[in-house]
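Close look at the chain arrangement
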Amino acid sequence: MGRSQGLSKVTQDAWCLTTWQKQKARVKWLKGEDTNTVFFHGVNKDRTKKLNIQKIRDGDGQWVDGTKDVAKATVKFFEQLFSAEDISGDCEVLNVVKKVVTEEDNAVLTASTLQEVKESVFSIYPNSTPGPDGLNERFYQTAWPIIAKDIYEAGMAFFLGATLPKFFTHTCLDMLPKLNLLNAIQILVPISLCNVSSRIIARC
């Protein structure tokens, strides 16, 4: 490897590191050409410290210690919160409601053009947190000329009743505190981290 190639690789590695740290720090006010890995490292370290929960009150008001026990208590709390009895109502009354939108009209109204899908893709902040597949918006925007047709056809198939595969709909849940003082599970808010492909379809 020549000297110029070695310098090129070092420059590329430095750019990749800065980009990764910038994305992880989620700092939107810095321009793309700014480089400050020390700053990004500090932001990430502070964020990790704030979100590292070692002790918290559970749903019953009892203190829980340790990461594993905190995780179990959190899962239990939100499972109970979002669980409900199966209530089956009488939907026969809907049969007397006259339809004003035909299946053909509905297909036209829900269909998006390729240009609309493109606008949806490029309207998303490029360095937002990626979903479970590890791909953020910048990948979709950069690779758009290659993947445009596939993304468009997948979206249109969904609107016509097709079931999306799991790699499209797979989602991670993250718990973020509503307040700076994190002392109870009730303060946590579940945040859904979807794949960008799902976000694109949701915006169409």
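Note that the structure is predicted; figures quoted are calculated from it, not measured.

Digging into a nonpolar patch on the surface
Together, Val 93, Leu 94, Val 96 and Val 97 give the surface a local cluster of nonpolar side chains, amounting to about 420 Å² of exposed area. Inspection of the secondary structure assignment puts Leu 94 in the loop between α3 (67-81) and α4 (103-110).

Observations regarding the side chain of Thr 74
Relative to the helices and strands, Thr 74 resides in helix α3. Look at Thr 74 and you get buried, because its relative accessible area is 7%.

Section: the state of the cysteines
In this structure the tally under the stated criterion is zero disulfides. The closest cysteine sulfur to the non-disulfide-bonded Cys 172 is located on Cys 194, 9.4 Å from its own sulfur. With a relative accessible area of 34%, Cys 172 lands in the partly exposed category.

Here we look at the pattern of salt bridges
Under the counting rule described, the total for this entry stands at one salt bridge. One salt bridge connects Arg 199 with Glu 137, and the closest N-O pair in it is separated by 2.4 Å. With Arg 199 in helix α9 (residues 196-203) and Glu 137 in helix α6 (residues 137-142), this residue pair connects regions lying 62 residues apart in the sequence. Judged by relative accessible area, which is 1%, Glu 137 ranks as buried.

Topic: the environment of Phe 78
For Phe 78, the location among the structural elements is in helix α3. Assessed through its relative accessible area of 9%, Phe 78 is described here as buried. Sequence separation between Phe 78 and Pro 190 is 112 residues, and the spatial gap between their C-alpha atoms is 8.7 Å. Excluding anything up to four places from it in sequence, Phe 78 contacts Met 175, Ile 185, Leu 188 and Pro 190.

Some remarks on the packing of aromatic side chains
Inspection of every chain in the model, using the stated rule, returns three aromatic pairs. Here Phe 139 and Tyr 140 contribute two aromatic rings whose centre-to-centre distance is 5.4 Å and whose plane-to-plane angle is 90 degrees, an arrangement assigned as edge-to-face. Look at Phe 139 and you get partly exposed, because its relative accessible area is 36%. Of note, Lys 118 hangs over the ring of Phe 122, and the distance from its end group to the ring centre comes to 5.9 Å.

So, helix α5 (residues 114-122)
Turning to α5, its buried residues are Val 117, Ser 120 and Val 121. Here the buried residues of α5 occupy an arc of 100 degrees about the axis, which is enough to place them on one side. Those residues of α5 that are buried lie in contact with α6, α7 (144-159) and α9.

Digging into the side chain of Gln 141
Its location among the elements puts Gln 141 in helix α6. Side-chain polar atoms of Gln 141 contact the backbone oxygen of Ile 124, separated by 2.9 Å. When neighbours within four sequence positions are excluded, Gln 141 is seen to be in contact with Val 121, Phe 122, Ile 124 and Pro 126.

Some words on α7
Under the 1.5 Å per step criterion, the end-to-end length of α7 is 21 Å for 16 residues, consistent within 8% with the ideal 22 Å. The set of residues buried in α7 consists of Trp 144, Ile 147, Ala 148, Ile 151, Ala 154, Gly 155 and Met 156. Looking at the buried residues of α7, the elements they touch are α5, α6, α8 (166-169) and α9. Remark: Gly 161 follows α7 within two positions and exhibits a positive phi of approximately 110 degrees.

Topic: the nonpolar core
Of all hydrophobic cores here, the largest spans eleven residues; its members are Val 117, Val 121, Ile 124, Tyr 140, Ala 143, Trp 144, Ile 147, Ala 148, Ile 151, Val 196 and Ile 200. If you list the elements that add at least two residues to this core, you get α5, α7 and α9. At four residues, the largest contribution of residues to this core is made by α7. Ignoring sequence-local partners within four residues, the contact set of Ile 200 consists of Val 117, Ser 120, Val 121, Ile 124, Tyr 140 and Ile 151. Ranked by size, the runner-up nonpolar core spans nine residues in total, among them Ile 53, Ile 56, Phe 77 and Ile 185.

Rules behind the numbers
- Residues numbered from 1 in each chain as written.
- Predicted model: local features only at pLDDT ≥ 70, side-chain atom pairs only at ≥ 80, totals over all residues.
- Heavy atoms only, no water.
- Patch = residues over 30% accessible without salt bridge, like charges linked within 9 Å, V, L, I, M, F, W, Y side chains within 5 Å.
- Areas by Shrake-Rupley, 256 points an atom, 1.4 Å probe, with all protein chains shown as cover.
- Salt bridge = Lys/Arg side-chain N within 4 Å of Asp/Glu carboxyl O.
- Helix = DSSP H or I, 4+ residues; strand = E, 2+ residues; numbered from the N terminus.
- Buried < 20%, exposed > 50% of the residue type's maximum accessible area, 1.4 Å probe, protein only.
- Disulfide = S-S within 2.5 Å.
- Contact = heavy atoms within 4.5 Å.
- Phe/Tyr/Trp six-rings, centres within 6.5 Å; stacked < 30°, edge-to-face > 60°.
- Lys NZ or Arg CZ within 6 Å of the ring centre and 35° of its normal.
- Arc of directions from axis to C-beta.
- Polar contact = N/O pair within 3.5 Å; in protein donor to acceptor, adjacent residues only side chain to side chain.
- Expected span 1.5 Å × (residues − 1).
- Core = buried A, V, L, I, M, F, W, Y, C linked by side-chain atoms within 4.5 Å.

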